[in-house]
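What follows is the residue order along each chain.
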Amino acid sequence: MPLPLIGRTRALAHLLELLSDGGCSGVLLVGPAGIGKSALAQAACAELQIGGRRTLELPTMAQGALPSAALLGLVDPGTNAPMLDQMVATLDRLRTAAGPPVLVCDDVDALAGRSQQLL
């Protein structure tokens, strides 16, 4: 369970508004280390899940993942379909009536080249 955010209600409300906008294809939280970007993302995901949205946290190199591992959760090892097609199919399966899934990738600057390009 994420820690409560103190003094970030406006930032959280704005992030939720952006993520609820049908025309929004992504949000990038930028700031110095330790400022609370991850906590803000986790709080937004918790709120979205309550509303029926699916969220998927992708591992990064900073979390010990192998190159391109951030996207392996979106791939079915039992098929020979192109990787991008598999990822799109997985994201379609994760769509709910509340909207498309929200992918969370912390420390995106630490991703391996191919994972970063695909995101």
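Parameters at a glance
Residues numbered from 1 in each chain as written. Predicted model: local features only at pLDDT ≥ 70, side-chain atom pairs only at ≥ 80, totals over all residues. Heavy atoms only, no water. Helix = DSSP H or I, 4+ residues; strand = E, 2+ residues; numbered from the N terminus. Expected span 1.5 Å × (residues − 1). Buried < 20%, exposed > 50% of the residue type's maximum accessible area, 1.4 Å probe, protein only. Arc of directions from axis to C-beta. Core = buried A, V, L, I, M, F, W, Y, C linked by side-chain atoms within 4.5 Å. Axes fitted to C-alpha atoms, helices over the stretch in contact; angles between N-to-C directions. Parallel < 35°, antiparallel > 145°, perpendicular 65-115°, else oblique. Left-handed = near helix turned anticlockwise from the far one by under 90°. Contact = heavy atoms within 4.5 Å. Nonpolar A, V, L, I, M, F, W, Y, C, P; charged D, E, K, R; others polar.

**Section: helix α3 (residues 83-94)**
1) Next: With twelve residues, α3 ought to run about 16 Å at 1.5 Å a step, and its terminal C-alpha atoms sit 17 Å apart, in line with that.
2) Next: Of all the residues in α3, the buried ones are Gln 86, Met 87, Thr 90 and Leu 94. For α3, the angular spread of the buried residues around the axis is 100 degrees, confining them to a single face.

**Observations regarding the nonpolar core**
1) Next: Judged by nonpolar contacts, Leu 12, Leu 15, Leu 16, Leu 19, Leu 40, Ala 41, Ala 43, Ala 44, Cys 45, Leu 48, Val 102 and Val 104 together constitute the single largest core of twelve residues.
2) Next: At the level of secondary structure, the elements contributing two or more residues to this core comprise α1 (9-20), α2 (37-50) and β2 (102-105).
3) Next: A total of six residues in this core trace back to one element, the largest contributor, which is α2.

**A few points about the packing of α1 against α2**
1) Next: Direction vectors running N to C along α1 and α2 enclose 55 degrees, while the axes themselves pass 10 Å from each other. Relative to α2, the element α1 is oriented oblique. Like other packed secondary-structure pairs, α1 and α2 cross with a definite hand, here right-handed. Residues Ala 11, Leu 12, Leu 15, Leu 16 and Leu 19 of α1 pack against Leu 40, Ala 41, Ala 43, Ala 44, Glu 47 and Leu 48 of α2.
2) Next: Tallied by class, residues from the contact of α1 with α2 come to ten nonpolar, no polar and one charged.

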